[in-house]
Amino acid sequence: EAGVAQSPRYKIIEKRQSVAFWCNPISGHATLYWYQQILGQGPKLLIQFQNNGVVDDSQLPKDRFSAERLKGVDSTLKIQPAKLEDSAVYLCASSLEREAVEQFFGPGTRLTVL
Amino acid sequence: GEDVEQSLFLSVREGDSSVINCTYTDSSSTYLYWYKQEPGAGLQLLTYIFSNMDMKQDQRLTVLLNKKDKHLSLRIADTQTGDSAIYFCAEGYQTGANNLFFGTGTRLTVIP
């Protein structure tokens, strides 16, 4: 069974530029999560989708971050414009359903904002 | 579920046991998890324990949960160099959004 796929693996941009990350969850997983992991910290949830609907986006900085999962499968997270403090690893995870015990994580996208 | 604390570093000799500790503040969490993160990699679920259990053993891993003190520990028996990584504990809930609240991670270094 293929795992959670993310691309790109690394991205370097200048502040005020925009960037997009892509995630393809495990086939059949209804729930998809985006986490932000700043260096030296644990991951923090940004947004959670159930199929193509948003369950929780309370921690998403909506003035600059947006995410979508239009067909209920893969998802895109965008930052526009990026700030220095957005430098982090962005992790995508999926689970079979919202009440599932296990979340499966992708390898992450490391973003550096200069 | 937003206050999960871990010590930052732990060093052990190869073959010894490692014990990684975690404290949390929210007693309403449903599950408590241990994840492993190797350099440049995502998070790998090692094990989890339901909040009404005291102990869970899985091969070299033993999880102990003290609900009264809100303390979780992960013991790795016969630690190997391949166990060197960052270990995160996390709280999870099965109501509402079911996201995970992670600690800051403990970097385990295994000395050959």
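Thoughts on the sheet that holds strand E3 (residues 18–24) of chain B
Residue and element names in this part refer to chain B. Reading across the sheet, the 5 strands line up as E1-E3-E8-E7-E6 and stay open at both edges, with antiparallel pairing between neighbours. Two strands in the sheet have a free side with no partner beyond their single neighbour: strand E1 (4–6) and strand E6 (55–58). Taken over all neighbouring pairs, the strand axes of this sheet differ in orientation by 15° on average, direction set aside. Where E3 lies against strand E8 (residues 71–76), 6 bridges are found, and the strand directions are antiparallel. Its bridge partner lying in E8, Val 19 is registered against Arg 75.

As for the pairing of strand E4 (residues 31–37) of chain A
Residues in a regular strand point their side chains to alternate faces of the sheet. All names here are of chain A. With respect to burial, E4 is a largely interior element, 7 of its 7 residues being buried. Taking every second residue as pointing to the same face, both faces of E4 are buried, with Thr 31, Tyr 33, Tyr 35 and Gln 37 on one and Leu 32, Trp 34 and Gln 36 on the other. The sheet contact formed by E4 and strand E5 (residues 44–50) spans 6 bridges and is antiparallel. Along E5, the bridge assignment pairs Leu 32 with Phe 49. Adjacent in sequence and paired antiparallel, E4 and E5 are bridged by 6 residues, among which Gly 40 carries a positive phi angle near 85°.

Concerning the environment of Leu46(B)
Residues and elements named next belong to chain B. Structurally, Leu 46 can be placed in strand E5 (residues 43–50). C-alpha separation for the pair Leu 46 and Trp 34, spaced 12 residues apart in sequence, amounts to 5.6 Å. Ignoring any residue separated from it by four or fewer positions in sequence, one finds Leu 46 in contact with Trp 34, Tyr 35, Lys 36, Asp 58, Leu 61, Leu 74 and Tyr 87.

Side note on the pattern of salt bridges
For the coordinates displayed, the defined rule picks out 5 salt bridges over all chains. Put simply, Asp57(A) and Lys62(A) hold a salt bridge, and the shortest N to O gap is 3.8 Å. Asp69(B) serves as the salt-bridge partner of Lys68(B), at 3.7 Å between the closest nitrogen and oxygen.

Section: the state of the cysteines
As used in these notes, a disulfide is a covalent bond between sulfur atoms, one from each of two cysteines. Applying the stated criterion across every chain, the model contains 2 disulfides over all chains. Note on cysteine connectivity: Cys23(A) is disulfide-linked to Cys92(A), with sulfurs 1.9 Å apart. In this structure the cystine formed by Cys23(A) and Cys92(A) twists about its S-S bond by roughly -70°; its chirality is therefore left-handed. With Cys23(A) in strand E3 (residues 19–24) and Cys92(A) in strand E9 (residues 88–95), this pair connects stretches of sequence that are 69 residues apart. Accessibility assignment for this pair places Cys23(A) and Cys92(A) in one class, buried. Shown here is the disulfide that connects Cys22(B) with Cys89(B), its sulfur atoms set 1.9 Å apart. Between Cys22(B) and Cys89(B), the disulfide has an S-S torsion of 70° and is therefore right-handed. Taken together, the positions of Cys22(B) in strand E3 and Cys89(B) in strand E9 (residues 85–92) put the pair 67 residues apart, joining distant regions of the chain.

Cut-offs used in this document
Residues numbered from 1 in each chain as written. Chains lettered and ligands numbered in written order. Predicted model: local features only at pLDDT ≥ 70, side-chain atom pairs only at ≥ 80, totals over all residues. Heavy atoms only, no water. Pairing = 2+ DSSP bridges. Helix = DSSP H or I, 4+ residues; strand = E, 2+ residues; numbered from the N terminus. Axes fitted to C-alpha atoms, helices over the stretch in contact; angles between N-to-C directions. Buried < 20%, exposed > 50% of the residue type's maximum accessible area, 1.4 Å probe, protein only. Contact = heavy atoms within 4.5 Å. Salt bridge = Lys/Arg side-chain N within 4 Å of Asp/Glu carboxyl O. Disulfide = S-S within 2.5 Å.

These results come straight from atomic positions and should not be treated as a statement about function.
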